[in-house]
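A structural walkthrough
Below, each chain spelled out in residue letters.
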Amino acid sequence: MTEYITHSPEETIALGERIGSRLRGGDIIAYAGGLGCGKTTITRGISKGLGLGDEVSSPTFALVNEYRGKALSLIHFDMYRILSPEDLETTGFFDYMADDAVLAIEWSENISDELPENAITISFERIDDNTRKITVNGDERFDDTLN
């Protein structure tokens, strides 16, 4: 587990880009944190790190946004309104688990029973309007190599 402090959206995007450059197909990122804490912002950086650009928007109303690349794709979920296994099934979640995709899941606590044990967790704590404490818990790829 490694903790980072970011002081602006740009720093959060830069951290996401470093994380994204270390991701592999089949990785699942489980976000935890309240509204406006930086989940979509860090996903912009992760998308950049995967080579997909930073045109990422919140999947709040769509439930899932897809960003397709030649080698890897990013599938960005919002599970805020998903409250049962039946609800989860309607998102197509299980159909997206593939070796050529990285899944980034906002409000992952709503589907925690369905996440694999090796999911990478990224937790957000809002310190003030711009400052975030971001905790990354994954395998050795993310142990203070992001600095």
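Everything here concerns the structure above.
What this report covers is the structure whose coordinates are included nearby. Fair warning: this is a prediction, and the values are worked out from it, not measured in the lab.

**Describing the packing of aromatic side chains**
- Following the criterion strictly, the structure yields 5 aromatic pairs and no others.
- Relative to F124, the ring of Y31 has its centre 5.8 Å away and its plane inclined at 65°; by these criteria the two rings are edge-to-face. Taken as a pair, Y31 in strand β2 (residues 28-32) and F124 in strand β6 (residues 120-126) lie far apart in primary sequence, 93 residues in all.
- By relative accessible area, Y31 is classed as buried at 0%.
- The buried category is assigned to F124, whose relative accessible area is 8%.
- Here the aromatic residues F77, F93, F94 and Y96 are joined through ring pairs into a cluster of three or more.

**Things to note about helix α2 (residues 39-49)**
- Counted residue by residue, α2 has 8 buried out of 11 residues, so it is predominantly covered.
- Those residues of α2 that sit buried are K39, T40, T41, I42, T43, G45, I46 and S47.
- Contact partners of the buried residues in α2: α1 (9-20), β2, β4 (73-78), β5 (101-106), β6 and β7 (132-137).
- Positive backbone phi, at 85°, marks G51, one or two positions downstream of α2.

**What to know about the side chain of S47**
- Here S47 is to be found in helix α2.
- In this view, S47 contacts L52, G53, V56 and L74; residues no more than four positions away in its chain are not counted.

**Side note on the environment of G20**
- Relative to the assigned elements, G20 resides in helix α1.
- Of the residues examined, G20 reaches a relative accessible area of 2% and is grouped as buried.
- For the pair formed by G20 and L50, sequence separation is 30 residues and the distance between their alpha carbons is 5.2 Å.
- Not counting residues up to four positions away in its chain, the partners in contact with G20 are I46, G49 and L50.

**Observations concerning the environment of E3**
- With respect to the element layout, E3 can be found in strand β1 (residues 2-6).
- Among the residues examined, E3 registers a relative accessible area of 48% and is labelled partly exposed.
- On a C-alpha basis, the gap between E3 and G53 in space is 25 Å, while along the polypeptide they are 50 residues apart.
- Among all residues touching E3, those that are not within four sequence positions of it are K133, I134 and T135.

Thresholds applied
- Residues numbered from 1 in each chain as written.
- Predicted model: local features only at pLDDT ≥ 70, side-chain atom pairs only at ≥ 80, totals over all residues.
- Heavy atoms only, no water.
- Phe/Tyr/Trp six-rings, centres within 6.5 Å; stacked < 30°, edge-to-face > 60°.
- Helix = DSSP H or I, 4+ residues; strand = E, 2+ residues; numbered from the N terminus.
- Buried < 20%, exposed > 50% of the residue type's maximum accessible area, 1.4 Å probe, protein only.
- Contact = heavy atoms within 4.5 Å.

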